[in-house]
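Overview (structure and organization)
So the chains spell out like this:
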Amino acid sequence: MKALILVGGFGTRLRPLTLTLPKPLVPFSNRPMIEIQIDALAKAGVTDVILAVNYRPDIMMAELEKFEKKYNIKIHFSVEQEPLGTAGPLALARDLLLKDPSPFFVLNSDIICPFPLSQMAEFHRQHGRAGTIAVTRVEDPSKYGVVVAHPHEPTLVERFVEKPSDFVSNRINAGIYILDISVLDRIELRPTSIEKEIFPSMASDNQLCCMDLEGYWMDVGQPADYLSGIGLHLAHMRDTEPASLATGPHIVGNVLIHPTATVAPDCLLGPNVTVGPNARIESGARIRDSALLDHAHVQAHARVAKSIVGWQSRVGRWARLDQVTVLGLDVQVSEEVFVNGARVLPHKTISDNVYEPSIIM
Ligand code: GDD
Ligand code: MG
């Protein structure tokens, strides 16, 4: 089978992390986000993965070549000269997608869930319409694509509305599709939104079905959602691979620690914490609901809550991060400083308290 992953866009909402790496390569639970998807696709029998890229393809290519061997798949790059939106990239990759007549998967690159792809392929085969989208339920559907099901056929999409301003339904597009190759005939090679143009027209032709996802789902393309997503993903790991999670008197709840990280025995970590490769956590530190990326360093007695500590960043002794603070690459937070809800751009030093959410440039 084939799959196309939409990896374009600038990842603006995940700045400052995306100033250093394109969004799909930002680590999530100690793996590049996109690796979680490639792993799931390979497990579902996908042999060819097309990456639809329009931004910094060079970095993506170097990193992703490694996955060809690791997951025994072929990765094709389809590089846009201008952003083609969420449907245009399918037209650009038309020849690759027409390699065989079987349907293909399409994934948004910033979503995580248990990826029930084989189940979705089977459902798609049985209903026989041109497309299937995975749907999930959320409390606030306004930032998503919303699906209204047919009154007499709950798996048939009657209406698809992208980011509605008025409430229509709380069943939303989870960003995972399986489409027949016939759908390619609906898409022209120009910037096109699959959500605003293609899905509404497929729905009015009764050619779009939906499958409810079970278990957790999150779009992790914004810092607060990234942190909620870590909690959900670790809880899923607790059920499926508990041995990967850390244990010990210094651990509370679900915590993932990379084997190369150094953690002082008298700190307290968790719940919902990921500690990346070569990170260092010193004595007496308290970390909860947070992610530490590669080579992050939390010094003695610092407290990190609901925050992301970027690559090579250092949180000084007795410092405090809270309320979705995100430190970019190589940020230094001085001793005793309190940082509340700041986004800090790479290579900055913070020597004064930041009380209100702000961007530090
Ligand atoms: N190749 C390419 N080119 N990819 C793109 C482009 C482009 O011009 N623009 C966006 N993408 C990719 C993004 O990288 C992401 O993987 C995906 O398309 C969706 O874009 P987002 O910017 O993350 O959209 P969203 O989160 O606001 O909304 C989408 O996802 C929701 C679920 O998380 C929509 O599909 C909604 O309907 C959906 O509910
Ligand atoms: Mg998104």
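Computed from a prediction, not measured in an experiment: that's the story for all the values here.

Before going further, it helps to spend a moment on the overall build of the chain. Summing up its helical and strand segments, the chain has 7 helices and 31 strands in all. Taken over the C-alpha trace, the chain has a radius of gyration of 21 Å; the compact-globule value for 361 residues is 21 Å, and the two agree within 12%. Viewed in the frame of its principal axes, the chain has a C-alpha envelope of about 60 × 40 × 40 Å. Going through the 361 residues of the chain one by one, you find that 56% of them count as buried.

Glancing now at the site of ligand 1. Inspection of the region around ligand 1 gives 27 residues, with Gly8, Glu80, Glu162, Asn173 and Glu195 positioned closest. Serine 109 has a polar backbone atom sitting 2.7 Å from an oxygen atom of ligand 1. Side-chain polar atom of glutamate 195 to an oxygen atom of ligand 1: 2.5 Å apart, as the coordinates give it. Protein contacts shield 90% of the accessible area of ligand 1, which totals 730 Å² for the unbound molecule. Split by residue class, the shell around ligand 1 holds 10 nonpolar, 9 polar and 8 charged.

It is worth spelling out the sheet that holds strand 24 (residues 314–315) at this point. Read from one edge of the open sheet, 6 strands run 15-18-21-24-27-30, paired in parallel fashion. Each edge of the open sheet carries a strand with a single partner, namely strand 15 (262–263) and strand 30 (349–350). Direction of pairing for strand 24 relative to strand 27 (residues 332–333): parallel, over a ladder of 2 bridges. Considered in strand 27, the bridge of arginine 314 is made with glutamine 332.

The protein atoms that coordinate the magnesium ion (ligand 2) are Asp110 (OD) and Asp219 (OD), at distances spanning 2.2 to 2.3 Å. Taken together, the residues span a long stretch of sequence, with aspartate 110 in the loop between strand 6 (104–108) and strand 7 (111–112) and aspartate 219 in strand 13 (residues 218–219) at a distance of 109 residues. When sorted by exposure, aspartate 110 lands in the same class as aspartate 219, which is buried.

Another point: the UniProt feature "domain: Mannose-1-phosphate guanyltransferase C-terminal" (unreviewed entry) in the chain. The sites that carry the UniProt feature "domain: Mannose-1-phosphate guanyltransferase C-terminal" (unreviewed entry) are, in the present numbering, residues 251–360. Annotated as residues 251–360, this span is 0% helix and 43% strand, and its ends, taken at the C-alpha atoms, are 32 Å apart.

The next subject is unusual backbone geometry. Cis peptide bonds are those with omega within 30 degrees of zero, and the linkage from arginine 15 to proline 16 qualifies with 10°. When you line up the elements, proline 16 lands in the loop between strand 1 (2–6) and strand 2 (27–28). Cis peptide bonds are those with omega within 30 degrees of zero, and the linkage from glycine 270 to proline 271 qualifies with 0°. Along the chain, proline 271 falls in the loop between strand 16 (268–269) and strand 17 (273–275). A positive phi is found at phenylalanine 115, a non-glycine position, where the angle reads about 50°. Looking at where phenylalanine 115 falls in the secondary structure, it is placed in the loop between strand 7 and helix 5 (117–127). One non-glycine residue, aspartate 289, lies in the positive phi region at around 45°.

Attention shifts here to helix 1 (residues 33–43). With respect to burial, helix 1 is a largely interior element, 9 of its 11 residues being buried. Among all positions in helix 1, only Met33, Ile34, Glu35, Ile36, Gln37, Ile38, Asp39, Ala40 and Leu41 are buried. Phi turns positive, to about 90°, at glycine 45, one or two residues after helix 1.

Turning our attention to the state of the cysteines. Counted under the stated rule, the structure contains 0 disulfides. No disulfide involves cysteine 209; its sulfur sits 7.1 Å from the nearest other cysteine sulfur, which is in cysteine 210.

Now for the pairing of strand 6. In terms of burial, strand 6 is largely enclosed, as 5 of its 5 residues are buried. Covered by surrounding structure in strand 6 are Phe104, Val106 and Asn108 together with Phe105 and Leu107, the residues of both alternating faces. Here strand 1 runs beside strand 6; their pairing, made up of 5 bridges, is parallel. Note on strand 6: the bridge partner recorded for lysine 2 is phenylalanine 104. Relative to strand 11 (residues 171–179), strand 6 runs antiparallel, the two being bridged by 4 bridges. Counterpart to valine 106 in the pairing with strand 11 is tyrosine 177.

The next subject is the side chain of histidine 233. When you line up the elements, histidine 233 lands in helix 7 (residues 223–240). Engagement of the side chain of histidine 233 in a polar contact is seen with the side chain of tyrosine 216, the distance being 2.8 Å.

This part covers the domain arrangement of the chain. Assigned domains within the chain: domain 1 (2–219) and domain 2 (236–360). The C-alpha-based centres of domain 1 and domain 2 are spaced at 31 Å. On the side of domain 2, 20 residues touch domain 1, which itself brings 11 residues to the contact. The largest contributions to the domain 1 side of the interface with domain 2 come from Pro16, Leu17 and Asn30, which together make up 47% of the buried area. The tally of links from domain 1 across to domain 2 stands at 0 salt bridges. Linking domain 1 with domain 2 are 1 residue pair in polar contact (both at pLDDT 80 or more).

Cut-offs applied
- Residues numbered from 1 in each chain as written.
- Chains lettered and ligands numbered in written order.
- Predicted model: local features only at pLDDT ≥ 70, side-chain atom pairs only at ≥ 80, totals over all residues.
- Heavy atoms only, no water.
- Helix = DSSP H or I, 4+ residues; strand = E, 2+ residues; numbered from the N terminus.
- Rg over C-alpha atoms; globule rule 2.2 N^0.38 Å.
- Buried < 20%, exposed > 50% of the residue type's maximum accessible area, 1.4 Å probe, protein only.
- Near = heavy atom within 4 Å.
- Polar contact = N/O pair within 3.5 Å; in protein donor to acceptor, adjacent residues only side chain to side chain.
- Areas by Shrake-Rupley, 256 points an atom, 1.4 Å probe, with all protein chains shown as cover.
- Nonpolar A, V, L, I, M, F, W, Y, C, P; charged D, E, K, R; others polar.
- Pairing = 2+ DSSP bridges.
- Donors = N, O, S within 2.8 Å, 3.2 Å for Na, K, Ca; no water.
- UniProt positions renumbered as here; feature names shortened; annotations may be inferred.
- Disulfide = S-S within 2.5 Å.
- Domains from an automatic or database assignment.
- Contact = heavy atoms within 4.5 Å.
- Buried area = accessible area lost by both parts, 1.4 Å probe.
- Salt bridge = Lys/Arg side-chain N within 4 Å of Asp/Glu carboxyl O.

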